[in-house]
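So you can see what is in the structure, the chains are spelled out below.
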Amino acid sequence: MSTAREYPMGDAKVIPIDSARGGSAAQSSGEETGGRTGGRRQSPLSALPSPPRGGSRRGPASPAEEAPDRTAVVAGRIADSVGQALAGPLGGVAQRLLGRGWEGRAANGLSFLRRRITGDYEVDEFGFDRELTEEVFLSLLRPLAEKYFRVEVRGVENIPAEGGVLIVANHSGVVPLDALMTHVAIHDHHPAHRHLRMLAADLVFVLPGVNELARKAGHTLACNEDAQRLLERGEVVGVWPEGFKGIGKPFGERYKLQRFGRGGFVASALRAQVPIVPCSIVGAEETYPMIGNAKTLARLLGLPYVPITPTFPWLGPLGAVPLPTKWTIQFGAPIATDTHPPESADDPMLVFNLTDEVRETIQHTLYRLLVQRRSVFF
């Protein structure tokens, strides 16, 4: 079983997870500043922090020492040029297109760009980049959740405002969009805007490009050691125990939970003494109705399955577009684990009983939500 590790993050500052819970540096106000300079209102674009311009040195600087300064100067010049263009000839066009307050949003965007170029941002030991997740990843996923799937979130108040908590959810839909939508739901609807740290399968971390994106979004390998470390540090950890058997099951078995494994997630929660919150997701099963599985091709490609749906592969790339189903994400009442001592994680019967309780809670909630649902799409 793999253990938690530190991952190289280039020029970014690596900080402990405990200190990574503060708000993003890019969450500064988007309102226009009201200061005046020489009788004219000062634009937020002109108030961007200046890049370092160098200073006195005791001796000649090495090329390695000069490189960050040169990068910062180039980043500053790019941001200054864009800012001057927006504050000058393009200002009128930008205001008509973006509306009032556009200057503040543009200033935040330019500051974000400068920090990314110069490496002036922070990640934790697992590689989680809070600012990039909030400003880019969630911003891209939010329209999909709000406009396309029209996700209805219920029971988010069952997630504690602070401290560790384990979210256990059903898995479905061929493509794990349900995990991404759950992250958006918790961050956007929870009063504390908490982030979901997902435990992902090995396949996620061997796919080129996906590995880096997953690390920056806060995901880590689905192993007990990583889960326990995150829970003990007070993070919201998400696990989908069905794994590929859940998202790759035939459409005829929709909303029938698959086996939950050996209950490793329950053991981690017991050791960390954190509550378990069952999560039931309705709507994801119908996004890609899986009517077949090209098993031979899947074995050749080293994939758990290659789905055949009513639109894929018949419509080519267009067949990869998910159906616009209506989603509901229900967070159930927390199941306490601190009534048992941490060493009870080694009791197989207790772990089995708690695992079965979580599974049955999710299954019954799914049935109830399906009875209440009037339409798959509306």
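Residues numbered from 1 in each chain as written. Predicted model: local features only at pLDDT ≥ 70, side-chain atom pairs only at ≥ 80, totals over all residues. Heavy atoms only, no water.

1. Concerning empty space enclosed by the protein
Formally: The distinction between a cavity and a pocket rests on a 1 Å grid over the protein atoms alone: a 1.4 Å probe fits inside a cavity but cannot get out, while a pocket stays open yet meets protein on both sides within 12 Å along at least five of seven lines, and a residue with an atom within 4 Å of a point counts as lining. Grid points are joined across faces, edges and corners, and a volume is the space filled by probe spheres set on the points. Residue polarity follows a fixed list, in which Ala, Val, Leu, Ile, Met, Phe, Trp, Tyr, Cys and Pro are nonpolar, Asp, Glu, Lys and Arg are charged, and the others, Gly among them, are polar.
Using the criterion set out here, one finds 2 cavities of 30 Å³ or more in the structure. Taken as a whole, the largest cavity holds about 40 Å³ of empty space. If you go around the largest cavity, the residues you meet are T287, Y288, P289, T309, P310, T311, G319, V321 and L323. A class-by-class count of the residues in the lining of the largest cavity yields 5 nonpolar, 4 polar and no charged. Taken as a whole, the second largest cavity holds about 40 Å³ of empty space. Around the second largest cavity sit G173, V174, I247, K249, P250, F251, E285, Y288, P289 and M290, which together line it.

2. Focus on the pattern of salt bridges
Put simply, the rule is: Salt bridge criterion: a side-chain nitrogen from Lys or Arg within 4 Å of a carboxyl oxygen from Asp or Glu. Segments assigned H or I by DSSP are reported as helices when at least four residues long, segments assigned E as strands when at least two residues long, and all are numbered from the N terminus. Here's how the labels work: a residue is buried when its accessible area is under 20% of the maximum for its type, exposed when over 50%, partly exposed in between, all with a 1.4 Å probe on protein chains only.
Taken as a whole and assessed by the stated rule, the structure comprises 13 salt bridges. In this structure, E235 and R197 form a salt bridge, with 3.8 Å as the shortest nitrogen-oxygen distance. Taken as a pair, E235 in the loop between α7 (224-232) and β9 (236-239) and R197 in strand β7 (residues 196-200) lie far apart in primary sequence, 38 residues in all. A residue is classified by how much of its surface remains accessible, and E235, at 6% relative accessible area, is buried. Here the residues in one salt-bridge network are R115, R116, D129 and E131, joined through shared partners.

3. Brief notes about the packing of aromatic side chains
Spelled out, the test is: In summary, the pairing rule links any two rings of Phe, Tyr or Trp, Trp by its six-membered ring, whose centres are within 6.5 Å, and it sorts them by plane angle into stacked for under 30 degrees, edge-to-face for over 60 and tilted for everything else. A ring has a charge above it when a Lys NZ or an Arg CZ is no more than 6 Å from the ring centre and no more than 35 degrees off the ring normal.
Summed over the entire model, instances satisfying the criterion amount to 3 aromatic pairs. Between the aromatic rings of Y148 and F149, the centroid separation amounts to 5.2 Å while the plane-to-plane angle is 75°, which identifies the pairing as edge-to-face. Among the aromatic residues, those joined into a cluster by ring pairs are Y148, F149 and W327. Geometry around Y121 places R116 over its ring, the cationic atom sitting 3.7 Å from the centre.

4. Digging into a nonpolar patch on the surface
Using the following cut-off: For patches, a residue must show more than 30% relative accessible area and have no salt bridge; joins then use 9 Å for like charges and 5 Å for nonpolar side chains, namely Val, Leu, Ile, Met, Phe, Trp and Tyr. Here the open area of atoms and residues is found with the Shrake-Rupley method and a 1.4 Å probe, where only the protein chains shown may cover a residue.
Taken together, L297, L300, L301 and L303 make up a surface patch of nonpolar side chains, about 390 Å² in accessible area. Structurally, L301 can be placed in helix α10 (residues 295-301). On the basis of relative accessible area, L301 is assigned to the exposed category, the value being 51%.

5. Section: the environment of L180
What counts, and what does not: Two residues form a contact once any of their heavy atoms are found within 4.5 Å.
Position of L180 relative to the elements: it lies in helix α5 (residues 177-189). A residue is classified by how much of its surface remains accessible, and L180, at 29% relative accessible area, is partly exposed. The sequence separation of L180 and L138 amounts to 42 residues, and the corresponding C-alpha distance is 8.9 Å. Residues in contact with L180, not counting those within four places in the same chain, are L141 and M198.

6. Regarding the environment of S139
Along the chain, S139 falls in helix α4 (residues 130-148). Assessed through its relative accessible area of 34%, S139 is described here as partly exposed.

7. Let's talk about the sheet that holds β7
Rules: Being paired, for any two strands, means DSSP has found at least two bridges between them. Every axis in this analysis is a line fitted to C-alpha atoms, fitted for helices over the stretch in contact. Angles between the N-to-C directions lie between 0 and 180 degrees.
Ordered in space as β5-β13-β10-β6-β9-β7-β8, the 7 strands form an open sheet in which the pairing is mixed. Each edge of the sheet is formed by a strand with only one pairing partner; in this case those strands are β5 (152-154) and β8 (220-221). Across 2 bridges, the pairing between β7 and β8 is parallel. Counterpart to L199 in the pairing with β8 is T220. Sheet strands touched by α5: β5, β6 (165-169), β7, β9, β10 (276-282) and β13 (328-331). Its angle to β7, the strand with the most contacts, is close to 165°. Relative to β6, helix α9 (residues 264-272) is tilted by about 165°, and along the sheet it contacts β6, β9 and β10.

8. Describing the nonpolar core
We count it as follows: Remark: nonpolar core denotes a set of buried residues (Ala, Val, Leu, Ile, Met, Phe, Trp, Tyr, Cys) joined through side-chain atoms within 4.5 Å.
Within the largest apolar cluster, 32 residues are counted, with the highest numbers of intra-cluster contacts made by I167, I281, W327, I329 and F331. Top contributing element to this core by residue count: α5, with 6 residues. Contact partners of I329, with chain neighbours within four places excluded, come to V151, E152, V153, R154, M181, T182, A185, C279, S280 and I281. Counting residues in hydrophobic clusters, the runner-up holds 30 residues, among them L230, V239, V266 and V274.

9. Points about α5
Note the cut-off: Helices are assigned an expected span. That span is 1.5 Å times one less than the residue count.
Look at α5: 18 Å from first C-alpha to last across 13 residues, which is about the 18 Å you get at 1.5 Å a residue. Among the 13 residues of α5, 10 are classified as buried, and the element is accordingly described as predominantly covered. Looking at α5, one finds that the buried residues are L177, D178, A179, M181, T182, H183, V184, A185, I186 and H187.

10. Side note on the pairing of β13
The side chains of a regular strand alternate between both faces of the sheet. Neither face of β13 is left uncovered, since the one carrying T328 and Q330 and the one carrying I329 and F331 both have all their residues buried. One ladder, built from 3 bridges, connects β5 with β13; its direction is parallel. From the neighbouring strand, R154 faces β13, where its bridge partner is Q330. In this structure, β10 lies alongside β13, joined through 4 bridges in antiparallel fashion. Note on β13: the bridge partner recorded for C279 is F331.

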